[in-house]
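An overview of the molecular structure
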Amino acid sequence: MKKLTVLFGLLASPALAASGPFFSMGNTDFVVLLAFLLFVGVLIYFKVPGMLGGMLDKRADGIRSDLDEARALREEAQTILASFERKQREVQEQSERIIAHAKEEAQIVADQAKQDLTASIARRLATAKDQIASAEASAVKEVRDTAVSVAVAAAGDVITKQMSAANGNSLIDDAIAQVETKLH
């Protein structure tokens, strides 16, 4: 209740300030009313409300054009963003293809290297086997040659010890006779 009393007191205080009749120049309320009406009349005469309306319309048009431009820029930005995202996906796919291709090529090169290594090892083994066989044959030949030399020397010793001059001459005569029969 106290609040309501204070509110009515504040509203009524300007009306209580005036003294005397209302339509006299001594009444400040009447003078303020006349000044206000004159001010509003001057504003209307100089078309200030129209100018204010025009300025507000211009401002509204400017804001509207700014909003339209902002929308257009936003749409353009979204288009560019979509384009970049599409390009990014394409580049990602291309890089994945390149990586997959590189892995395939690396696998092919590794397989080829394994095959080449296997072939090289097989060739080296074959060469080593040939060298071993050649060395073996050479050793066998050398052993045979040595055995033949030893056998011939031993046979020569045995024959010289067991053979007499007469037996040697008869063997030579037999050999000559066999050669003559075979040649003629």
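Please read all numbers here as calculations on a predicted model, not as lab measurements. (Residues numbered from 1 in each chain as written. Predicted model: local features only at pLDDT ≥ 70, side-chain atom pairs only at ≥ 80, totals over all residues. Heavy atoms only, no water.)

Notes on the overall build of the protein chain
Note the threshold: Helical segments are the DSSP runs of H or I of at least four residues, strand segments are the runs of E of at least two, and each set is numbered from the N terminus. Partly exposed residues are those whose accessible area sits between 20% and 50% of the maximum for their type, while under 20% is buried and over 50% is exposed, using a 1.4 Å probe and protein chains only. Reported accessibility uses the Shrake-Rupley method at a 1.4 Å probe radius. Residues are deemed covered only where the shown protein chains occlude them.
Along the backbone of the protein chain there are four helices and zero strands. In the protein chain, the succession of helices and strands from N to C terminus is α-α-α-α. The proportion of buried residues among the 184 residues of the protein chain is 3%. Carbon and sulfur atoms make up 66% of the accessible area of the protein chain, which totals about 16,400 Å².

What to know about the side chain of Asn27
Filter applied, for reference: Any pair of nitrogen or oxygen atoms within 3.5 Å is treated as a polar contact; in protein, a donor-acceptor pairing is required on top of that, and neighbouring residues in sequence qualify only through side-chain atoms on both sides.
With respect to the helices, strands and loops of the structure, Asn27 is situated in the loop between helix H1 (2-17) and helix H2 (28-45). Among the polar contacts made by the side chain of Asn27, one reaches the main-chain amide nitrogen of Asp29 at a distance of 3.1 Å.

Re H2
How we decide: By this rule the span expected of a helix is its residue count minus one, scaled by 1.5 Å.
Helix length check: H2 (18 residues) gives 25 Å between terminal C-alpha atoms against 26 Å at 1.5 Å per residue, within 8%. The N-cap residue of H2 is Asn27: its side-chain oxygen and the backbone nitrogen of Asp29 are 3.1 Å apart.

With respect to the pattern of salt bridges
Keep this limit in mind: Any carboxyl oxygen of Asp or Glu within 4 Å of a side-chain nitrogen of Lys or Arg constitutes a salt bridge here.
Counted by the stated rule, this structure contains three salt bridges. Notably, a salt bridge pairs Asp61 with Arg64, separated by 2.8 Å at the nearest N-O pair. With Asp61 and Arg64 both in helix H3 (residues 48-162), this residue pair falls three residues apart, about one helical turn. With relative accessibility at 46%, the residue Arg64 sits in the partly exposed group. A salt bridge links Lys141 to Asp145; its shortest N-O distance comes to 3.8 Å. With a gap of four residues between them, Lys141 and Asp145 both fall in helix H3, about one helical turn apart. The exposure class assigned to Lys141 is exposed, which follows from its relative accessible area of 54%.

Let's talk about the packing of aromatic side chains
Applicable threshold: Each Phe, Tyr or Trp ring, with Trp reduced to its six-membered ring, pairs with another whose centre is within 6.5 Å; inter-plane angles below 30 degrees give stacked pairs, above 60 give edge-to-face pairs, and intermediate values give tilted ones.
Counting across every chain of the model gives one aromatic pair. Judged by centre distance (5.1 Å) and plane angle (75 degrees), the ring pair of Tyr45 and Phe46 falls under edge-to-face. Judged on exposure class, the residue Tyr45 and its partner Phe46 are both exposed.

Some points on the confidence of the model for the protein chain
For clarity, the cut-off: Values of pLDDT, the confidence the predictor places in each residue, fall between 0 and 100.
Scored by pLDDT, the protein chain comes out at a mean of 85, with 88% of its residues at no less than 70. Within the protein chain, the lowest mean pLDDT, 52, falls on H1, and the highest, 93, falls on H2.

Looking at unusual backbone geometry
One non-glycine residue, Lys47, adopts positive backbone phi at about 55 degrees. Its place among the elements puts Lys47 in the loop between H2 and H3. The exposure class of Lys47 is exposed, given its relative accessible area of 60%.

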